[in-house]
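Single-letter residue listing:
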Amino acid sequence: GKAESSPGRVSKTPSVKMALALANRPALRASAVARRPARRTVVTKAALDPALVISGSTAAFLAVGRFVFLPYQRREANFDASVGPKTTGSTYFDDLQKTSTVFGTNDPAGFNIIDVFGWGALGHAVGFAVLAINSLQA
């Protein structure tokens, strides 16, 4: 049967007895402490602030898309609309422009939400590429 223990006293299993015996031996405690390497604090430092890089890159690409490439982009779109086939007096591109009220804008040049998404995505991609290249050098 089971070994009886007196009330208020916990019976010790063999593994608990061995752990207590090893913990009470000064020679083992000293050698375990001596083998353990000293703890040191590791501080992670980034060469560039990721929020600033992504924001700056996105802002730069939005500005370039709005002020540099938008006139060229609209000129090409108007050229394509005038060249397309006409079956009912209007091109397919003209019909798309009439029915799309979602892409309306108050910008005088016509910079709409699709342009913002496109140029913003390019800005993010370039920003992450800058961070990735910078992390290779650090």
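What counts as what
- Residues numbered from 1 in each chain as written.
- Predicted model: local features only at pLDDT ≥ 70, side-chain atom pairs only at ≥ 80, totals over all residues.
- Heavy atoms only, no water.
- Phe/Tyr/Trp six-rings, centres within 6.5 Å; stacked < 30°, edge-to-face > 60°.
- Helix = DSSP H or I, 4+ residues; strand = E, 2+ residues; numbered from the N terminus.
- Buried < 20%, exposed > 50% of the residue type's maximum accessible area, 1.4 Å probe, protein only.
- UniProt positions renumbered as here; feature names shortened; annotations may be inferred.
- Expected span 1.5 Å × (residues − 1).
- Polar contact = N/O pair within 3.5 Å; in protein donor to acceptor, adjacent residues only side chain to side chain.
- Patch = residues over 30% accessible without salt bridge, like charges linked within 9 Å, V, L, I, M, F, W, Y side chains within 5 Å.
- Areas by Shrake-Rupley, 256 points an atom, 1.4 Å probe, with all protein chains shown as cover.
- Salt bridge = Lys/Arg side-chain N within 4 Å of Asp/Glu carboxyl O.

## Things to note about the packing of aromatic side chains
Point 1. One pass over the structure, following the stated rule, counts one aromatic pair.
Point 2. For the ring pair phenylalanine 69 and tryptophan 119, a centre distance of 5.6 Å and an interplane angle of 10° mean the geometry is stacked. Separated by 50 residues along the polypeptide, phenylalanine 69 in helix H3 (residues 50-83) and tryptophan 119 in helix H5 (residues 113-137) bring together distant segments of the chain.
Point 3. On the basis of relative accessibility, which here comes to 15%, the residue tryptophan 119 falls in the buried class.

## A few points about the UniProt feature "transmembrane region" (unreviewed entry) in the chain
Point 1. The feature "transmembrane region" (unreviewed entry), as annotated in UniProt, sits at residues 46-69 and 116-136 in this numbering.
Point 2. With 83% helix and 0% strand, the stretch residues 46-69 has end C-alpha atoms that lie 33 Å from each other.
Point 3. Secondary structure content for residues 116-136 is 100% helix and 0% strand, while the C-alpha to C-alpha distance between its ends is 30 Å.

## With respect to H5
Point 1. Spanning 25 residues, H5 covers 36 Å between terminal C-alpha atoms, matching the ideal 36 Å at 1.5 Å per step.
Point 2. Along H5, the residues classified as buried are Asp115, Trp119, Gly120, Gly123, Gly127, Leu131 and Asn134.
Point 3. By the N-cap criterion, in which a side-chain oxygen at the helix start approaches the backbone nitrogen of a residue two or three places on, H5 is capped by asparagine 112, the distance to isoleucine 114 being 3.2 Å.

## Quick notes on a nonpolar patch on the surface
Point 1. The grouping of Val64, Phe67, Val68, Phe69 and Tyr72 at the surface amounts to a nonpolar patch, some 510 Å² of accessible area in total.
Point 2. Structurally, the position occupied by valine 64 is in helix H3.

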